[in-house]
Amino acid sequence: MLPDFLVLAATWAGKETRFLGLDWNYLVLFGLIGNAVFSMRFLVQWVASERAGESVIPRSFWYWSIAGSIIMCLYFIFQRDPVGILGYLPNTWIYIRNLHLIKRKQRAMTAAAASQTPIEE
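Rules and cut-offs
Residues numbered from 1 in each chain as written. Predicted model: local features only at pLDDT ≥ 70, side-chain atom pairs only at ≥ 80, totals over all residues. Heavy atoms only, no water. Helix = DSSP H or I, 4+ residues; strand = E, 2+ residues; numbered from the N terminus. Buried < 20%, exposed > 50% of the residue type's maximum accessible area, 1.4 Å probe, protein only. Contact = heavy atoms within 4.5 Å. Areas by Shrake-Rupley, 256 points an atom, 1.4 Å probe, with all protein chains shown as cover. Core = buried A, V, L, I, M, F, W, Y, C linked by side-chain atoms within 4.5 Å.

(A) Representation of the overall build of the protein in the model. Helix and strand counts for the protein stand at four helices and two strands. Walking the protein from its N terminus toward its C terminus, one meets helices and strands in the order α-β-β-α-α-α. Counting all 121 residues of the protein, 23% fall into the buried class. Expressed as a percentage of contacts within the protein between residues at least 6 apart in sequence, the contacts between residues at least 24 apart total 52%. Carbon and sulfur atoms provide 67% of the accessible area of the protein, an area that totals close to 9,300 Å².

(B) Up close: the side chain of T92. Looking at where T92 falls in the secondary structure, it is placed in helix 4 (residues 82–115). Excluding residues that lie within four positions of it along the chain, T92 makes contacts with I66, S69 and I70.

(C) Highlighting the nonpolar core. Formed by L27, F38, F61, W62, I66, M72, C73, Y75, F76, Y88, Y95 and L99, the largest nonpolar core amounts to 12 residues. Those elements giving two or more residues to this core turn out to be helix 2 (26–52), helix 3 (59–79) and helix 4. In terms of residues, this core owes the most to one element, helix 3, which gives seven residues. Residues contacting Y88, with those up to four places away along its chain left out, are F38, S69, M72, C73 and F76.

So, to be careful, I would describe these as geometric facts and stop short of saying anything about function.
Take a look at the structure:
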């Protein structure tokens, strides 16, 4: 038997309300939240670049990308939209890989800095 909250979620997701000439339901709101989370990455990148005075991609850009991609992929899974699923599913793995590469580079730089000793004259 399904838990009550899953039954309620499925019921609420199916109820549509017409507002401003558009059909709204909880799934649409979930998709809008996912879109907002995914879009935050651009705001984060813009602010970081303005502060640095050059184009930079901060680590938080990748975390926002992962969160937004997962939410959007789930939205498209619930919508049963293969185009949206295929548009967001692979991106998550690429963003995770970028974080892995960043961490690996930082570990290598830390190890190199620790192994260098000043030359005494």
